[in-house]
Amino acid sequence: MDSQTAVATQTAHDASMAGRLKPNSLGVLGILFFVLSAQAPLTGIAGAVPIAIAIGNGAGAPAAYLAAGVVVLLFSVGFVAMGRHVVDAGAFYTYIGKGLGRATGSGSAAVALFSYCAVQACMYGLYGSIMSGLVEYHTGAQVAWWVWALVTMAIVQVLGASGIEMGAKILAVFVLAEFSILIVFALVTLFKGGGPEGLGLTDSFSPSAAFQGAPGVALMFAVASMFGFESTAIYGEEAREPRKTVPRATYLSVAVVTGFFAFTSWMLVSAHGASQATAEAGKALESGDATAFVFTPIAAQFGGWVNDVLPILLATSLFAGLLAFHNSANRYLFSLGREGLLPRGLTAINRRHSPWVAGTVQTVIAVLLVVPFAVLGKDPVLTLFSWFSGVAVLGIMLLYFLTSVSVVVFFRRSGADTRPWNTLIAPVLGALGIAGAIWLIVANFTTLIGGDRTTALWLQATVPVVMILGVIAARLTRSRAETTD
């Protein structure tokens, strides 16, 4: 092949790839690491489990994680069935649009983008606070939380533009580190026969344990901990054999996440003793350091060095989550640009086939969400983290519900898949479970955000408002296009 032919071939290849993300970049494990990073396992365990135990159903909290996993698994059946027929970086809004119409799909796109950006912004608040504390503890230097947040935004932007493979490798290291120490602790506790009161299997998983106290609150936090597994579909365009890889990654993600949270929370309850777990979790919350409920028994098992390592792993856990949600959000922006719902410039990709313009816009959004809290001197954990995490969970749960309904409608209309369990029974059961979870989230929203009722109402209102604005924007865009034609 001469040089001119080679250049022509490369040019043709580049043209065919224009507006497309890099295919065949991720296998099942690569996607799994992105999902687990979005879950931020150590953050979920150290942050949510003590609250679920203290103000939820006490020693029965592990059962709540198991129940949440069942609901998510039922949702996943229809989600995967739709994914076999639709491969797109837009995932949620594409799926919803196929069954419930373009306008509803566009509204859901706005909610999805808002939710992913909100959860990333809230993680910057917690991450900045943890980094500030770590640096001061180890060096004595006092650096404001927002400085660490802004510096990390720049790092995440660079890594996001470096290509999907680079991001997957970095996340794999962080995820394995935090997973390893928690799983080893849980397994050692299991093989030792549990804590002072034994394993306490019935204390955590019997019906009476599951429904004691306020099980709704525990289930709410358990469902929130599952947030992020749906990103498997977002990477469908970059996956190897997406119609096989995405379903496998989805089911594996749900199984791993459910088993991890249920098993680890059970071993934490056992380590404290079922009769003492609620009181110990309450003490940790009252002290202002919920992580003590988790870090103390691990340190008792492995030694005091854990108290130095775990806070660092908590920071890397959050960093991994920040990178994962950056990748998810910029792919939504990319997809919306390709659909014509946002400026076409968002579809620009660099030599590594990474959506660098969409990534830059996503980073700018993160700055705009975080900076006001810094300027106003708000506490990054009590406001930024708490408020935006609540909004993000509510928004994503709405998308889960709409997706389940859309799956049923789509397959009833198209007949593309006639399997009753996959396209009707499981999606309906999943929709009912998700509807129940939404009711619990709304009823306990003040608890979820750690604020007052007025703040809770304003924050809840943002989700339907964003949905409506997305629908209006889609209709205006369509009217403008028809006028042009």
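Residues numbered from 1 in each chain as written. Predicted model: local features only at pLDDT ≥ 70, side-chain atom pairs only at ≥ 80, totals over all residues. Heavy atoms only, no water.

### Brief notes about the overall build of the chain
For clarity, the cut-off: By definition, any uninterrupted DSSP run of H or I lasting at least four residues is a helix, any uninterrupted run of E lasting at least two residues is a strand, and each is numbered from the N terminus. Three labels apply to residues, based on accessible area from a 1.4 Å probe with only protein chains included: buried if under 20% of the type maximum, exposed if over 50%, partly exposed otherwise in between. Whether two residues are in contact is decided by their heavy atoms, any of which lying within 4.5 Å being enough. Here the accessible surface of atoms and residues is derived via Shrake-Rupley with a 1.4 Å probe, and residues count as covered only by protein chains that are part of the display.
Along the backbone of the chain there are 20 helices and zero strands. Residues classed as buried in the chain amount to 55% of the 485 residues present. Looking at the chain alone, contacts between residues at least 24 apart form 82% of all its contacts between residues at least 6 apart. On the chain, roughly 19,300 Å² of surface is accessible, and the fraction owed to carbon and sulfur atoms is 66%.

### Section: the environment of T403
Within the fold, T403 resides in helix α17 (residues 380-414). Judged by its relative accessible area of 1%, T403 falls in the buried class. Residues T403 and I96, 307 residues apart in the sequence, show an inter-C-alpha distance of 5.3 Å. Contact partners of T403, with chain neighbours within four places excluded, come to F75, F79, F92, Y95 and I96.

### Side note on the confidence of the model for the chain
Note the threshold: pLDDT measures how confident the predictor is about each residue, on a scale from 0 to 100.
In the predicted model, the chain carries a mean pLDDT of 81, and 83% of its residues have values of at least 70. Across residues 1-18 the pLDDT falls below 50, and counting only partners more than four positions away or on other chains, this stretch makes six contacts in the model.

### A closer look at the packing of helix α6 (residues 102-139) against helix α16 (residues 356-375)
The condition that has to hold: As a rule, the C-alpha atoms of each element are fitted with a line to give its axis, helices using only the stretch in contact, and angles between N-to-C directions run from 0 to 180 degrees. Convention used here: angles under 35 degrees read as roughly parallel, angles over 145 as roughly antiparallel, angles from 65 to 115 as roughly perpendicular, and any remaining angle as oblique. Note on convention: the crossing is left-handed when the near helix lies turned anticlockwise from the far helix by less than a right angle, right-handed when the turn is clockwise. Gly counts as polar in this scheme, as do all residues outside two lists: the nonpolar Ala, Val, Leu, Ile, Met, Phe, Trp, Tyr, Cys and Pro, and the charged Asp, Glu, Lys and Arg.
Taken N-terminus to C-terminus, the directions of α6 and α16 make an angle of 60 degrees; their axes are 9 Å apart at the nearest point. It follows from the interaxial angle that α6 and α16 lie oblique. Both α6 and α16 take part in a crossing whose hand is right-handed. On α16, the residues touching C117, A118, Q120, A121 and Y124 of α6 are Q362, I365, A366, L369 and V370. When its residues are assigned to classes, the contact of α6 with α16 shows eight nonpolar, two polar and no charged.

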